[in-house]
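# Coordinate analysis (summary)
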Amino acid sequence: MCKLFSINVQAFSKGFPDWKHGEEYVLLHENSTPHKNAVINWTTRKERKNTIDKQLMQELEQESDKFYKILKRVVAVVKFLSERGLVFRGHNETFSVPNNGNFMGCLELIAEFDPVLKEHIQKCSGKKHSVSYLTKTVYEEIITLMAKKVTKTIIEEVNSTKYYSIVVDSTPDVVHVDQLAIILRYCYQGKTRWCSHYEAVKAIKNNYEEILTVLKSIANDDQEKMDQREEAKTLFSKMTSLENGILVIFWEQILERINKVNKKLQTAGLDLLDASALLSSLEGFIKEKRNNIDPELTQYEILAKTLTNYLSSEYKDKRKRILRYSDGITGCGSNLTGKNKFKIEILNIVLDKFQNEFQKRKKIYKENSENFKFLFDIGNKKTKIIDESSMQNAFNEQSQTNCAEILKIIYDKHLIDTFPNLYTVMKIFLTMPITNCEAERSFSRMSYIKNKQRNTMSDDRLADLMLLSIEHKITKSLNYDEVIKEYALINIRKLRH
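Residues numbered from 1 in each chain as written. Predicted model: local features only at pLDDT ≥ 70, side-chain atom pairs only at ≥ 80, totals over all residues. Heavy atoms only, no water.

## Quick look at the overall build of the protein chain
Our working rule: Under the scheme used here, helices are H or I runs from DSSP no shorter than 4 residues and strands are E runs no shorter than 2 residues, and both carry numbers assigned from the N terminus. When a residue's accessible area, from a 1.4 Å probe over protein chains only, is under 20% of the maximum for its type it is buried; when over 50% it is exposed; and in between it is partly exposed. In these tables, accessible area is a Shrake-Rupley quantity obtained with a 1.4 Å probe, and a residue counts as shielded only by the protein chains included in the view.
The helix and strand tally for the protein chain stands at 23 helices and 4 strands. Counting the 497 residues in the protein chain, one finds 35% classified as buried. In the structure as shown, the protein chain presents an accessible area of about 31200 Å², 52% of it carried by carbon and sulfur atoms.

This is how it looks when you write it as structure tokens:
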């Protein structure tokens, strides 16, 4: 610059030989008046656009702007497909063919209304183009880049909140490779398989008559194979027993209640107190069934006989069984017969087993609920730990019974300094994991992303796609400019190396 624009003759305008002391002389030269004048001359000439590379710079800027727009559309398509866990690649990676996959298909759809992308696709189609940004290599790099940015965002949120819990679970994927899910539960800015059994029993109950009719038809059909006819007769005999009808009614009622509690436990934002109350309610339901088993069984009998006209009206085991031993001695079996035997040896055992399991599961919930019970009292304004008038003024006399709502109000109204201990305790309380349903949801998403048609997917790609899909809100909020700028920097580093 000084050689071209400086009017003073100096070492840096005619050649500088003493590079041993170069750093010292360069610093002195940059602060010198001749150098500053040379910079001013060059800047003035540049602003007048009288540089020799004016046309070249304009073309470079136009080309850069064009590829920025193309990359922005590519990133938008990658975000769209990743959020929904959709397939990217097709059988044929060529434009204008029907089986070229979702990625190219989305670009073709956008190109119908976008002249910039349309022109670029036409230019790149049918020939090898040095820079197209429309290949699988590009979107794979963008997927990895976006996954890293989502991970970075989560780490920043966890670091800012201080308190978090970890849920770890694993399950085999479609090719029987064990996949590990790590779930982080935390409060950020104040926010935070019984169904299939029930549906099966419900379907049997609602179609009991039709099932028996079909079984009877198969059993009496001479054209059916003998083993199938015998199996149909056996099933028909079992299903027409009074005991079987009672069990269908019994399990339909039990599983319906369990299913409702199970769905409620999977609700996002559920806290420990609500979970404990749900389990207590379910335990009370089972206990009431057990304590009133006689009238309940009578009601089951009445309902069972409405299922079908084929159903027997009597219990099978009405007589005492005579047992004969190898030494010739005979003896009576159980003194229980008919209804009493069915009640004690089946229904009571099932209900007792349920109660024992609920007590085990409830114990840990109850202990932690007692420790944090004062938080629930705060929401109902029963506590004397915090001055009631100050709480009412802070919350505008709103009656809040949900800890998550109170925490959000403290954050939104900038009351953290006013109630620092309460804010900390609530964050710890709300980060405690209630169930492992978050891990189960991630496994459901995994089975959607890695299926029989995509079973060769690498673990790294599966992890990236699952993260982008599960954390779809963060994925959707990613800034286009930041993603494109980081992608450009990565490719510049590749060229340097």
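## Details of the packing of helix 8 (residues 136-161) against helix 21 (residues 459-470)
This is how it is decided: In this description, a line fitted to the C-alpha atoms serves as the axis of each element, helices being fitted only across the stretch in contact, and the angle between N-to-C directions of two axes falls anywhere from 0 to 180 degrees. Angle categories: roughly parallel below 35 degrees, roughly antiparallel above 145, roughly perpendicular from 65 to 115, and oblique for all the rest. Crossings are classed by handedness, with left-handed meaning an anticlockwise turn of the near helix from the far one by less than a right angle and right-handed meaning a clockwise turn. Contacts were defined at the residue level, with two residues in contact if any of their heavy atoms lie within 4.5 Å.
The geometry of helix 8 relative to helix 21 is characterised by a closest axis approach of 9 Å and an angle of 60 degrees between their N-to-C directions. The angle between helix 8 and helix 21 places the two elements in the oblique class. The handedness of the crossing between helix 8 and helix 21 comes out as left-handed. Here Y139, E140, I143, T144, M146, A147, V150, T151 and I154 of helix 8 lie close against helix 21, whose contacting residues are R461, D464, L465, L467 and L468.

## Thoughts on helix 18 (residues 403-412)
What sets the pattern is the α-helix's 3.6 residues per turn: residues three or four places apart point alike. For helix 18, every residue scored as buried is listed here: C403, A404, I406, L407, I409 and I410. Two residues or fewer past helix 18, H414 is found with a positive phi of approximately 55 degrees.

## Let's talk about unusual backbone geometry
With glycine set apart, most residues show a phi of negative sign, and most peptide bonds adopt trans. Unlike most non-glycine residues, Y133 shows phi in positive territory, near 60 degrees. Along the chain, Y133 falls in the loop between helix 7 (115-124) and helix 8. Residue classification places Y133 among the partly exposed residues on the basis of a relative accessible area of 23%. For H414, which is not glycine, the phi torsion reads 55 degrees and is therefore positive.

## A look at the packing of aromatic side chains
To keep it simple, the criterion reads: Aromatic contacts are taken between Phe, Tyr and Trp rings whose centres are within 6.5 Å, Trp giving its six-membered ring; a plane angle under 30 degrees counts as stacked, one over 60 as edge-to-face, and the others as tilted. As a reminder, the over-ring test applies to NZ of lysine and CZ of arginine, requiring each to be within 6 Å of the ring centre and within 35 degrees of the ring normal.
The tally for this structure, following the rule as stated, stands at 9 aromatic pairs. Between the aromatic rings of F236 and Y310, the centroid separation amounts to 5.4 Å while the plane-to-plane angle is 75 degrees, which identifies the pairing as edge-to-face. Of this pair, F236 sits in helix 11 (residues 226-239) while Y310 sits in the loop between helix 14 (293-304) and strand 3 (322-324), and the two are 74 residues apart along the sequence. The partly exposed category is assigned to Y310, whose relative accessible area is 30%. Grouped by ring-pair contacts, the aromatic residues F250, W251, Y300 and F354 constitute a single cluster. Positioned above the aromatic ring of Y480, the side-chain terminus of K79 is 4.4 Å from the ring centre.

## Focus on the nonpolar core
The test is simple: In this text, buried Ala, Val, Leu, Ile, Met, Phe, Trp, Tyr and Cys residues form a nonpolar core when linked through side-chain atoms within 4.5 Å.
Among the nonpolar cores identified, the biggest contains 53 residues, and I246 and I254 are the most heavily contacted of them. Going through the elements one at a time, helix 10 (208-219), helix 11, helix 12 (242-265), helix 13 (272-291), helix 14, helix 15 (338-371), helix 18 and helix 19 (420-431) are the ones with two or more residues in this core. Here this core takes 9 residues from helix 12, the largest share from any one element. Counting 40 residues, the second-largest nonpolar core is a separate cluster that includes V74, L107, L134 and V138.

## As for the confidence of the model for the protein chain
Formally: As a per-residue measure, pLDDT tells how confident the predictor is, with possible values from 0 to 100.
Per-residue confidence for the protein chain gives a mean pLDDT of 80, with 81% of residues at or over 70. Confidence, expressed as mean pLDDT per element, reaches its minimum in the protein chain at helix 17 (residues 388-394) with 51 and its maximum at helix 6 (residues 101-111) with 93. Predicted confidence for residues 381-386 stays below pLDDT 50, and this span has 12 contacts to residues more than four positions away or in other chains.

## Details of helix 21
Threshold: A helix's residues, less one, multiplied by 1.5 Å, set its expected span.
Spanning 12 residues, helix 21 covers 16 Å between terminal C-alpha atoms, matching the ideal 16 Å at 1.5 Å per step. Within the sequence span of helix 21, burial applies to R461, L462, D464, L465, M466, L468 and S469.

## What about the environment of A76?
Take A76: it is sitting in helix 5 (residues 54-84). Sequence spacing of A76 and L107 is 31 residues, and the spatial spacing of their C-alpha atoms is 9.8 Å.

## What to know about the side chain of E252
Just so we agree on the cut-off: Within this scheme the basic residues Lys and Arg register as positive and the acidic residues Asp and Glu register as negative, but His and the chain ends are omitted. By definition here, a salt bridge exists when the distance from a side-chain nitrogen of Lys or Arg to a carboxyl oxygen of Asp or Glu is within 4 Å.
Turning to its location among the elements, E252 is positioned in helix 12. Here E252 is buried and forms no salt bridge, its nearest opposite-charge partner K205 lying at an N-O distance of 4.6 Å. Once residues within four sequence positions are removed from consideration, E252 is found in contact with Y198, V201, K202 and K205.

## What to know about the pairing of strand 1 (residues 165-172)
To keep things clear, this is the line we draw: Paired strands, as defined in this entry, are two strands with at least two bridges between them according to DSSP.
In this structure, strand 1 lies alongside strand 2 (residues 178-185), joined through 8 bridges in antiparallel fashion. What sits directly across from I166, in strand 2, is L184. In this antiparallel pair of consecutive strands, strand 1 and strand 2, the connection spans 5 residues, and H176 shows a positive phi of 65 degrees.

## So, the pattern of salt bridges
Enumeration according to the criterion identifies 17 salt bridges in this entry. One salt bridge in this structure joins K149 and E482, with 3.8 Å as the shortest N-O distance. Residue classification places E482 among the partly exposed residues on the basis of a relative accessible area of 45%. The salt bridge partner of K343 is D294, with a shortest N-O separation of 2.8 Å. Taken together, the residues span a long stretch of sequence, with K343 in helix 15 and D294 in helix 14 at a distance of 49 residues. One salt-bridge network, in which partners are shared between bridges, spans R89, E140 and R461.

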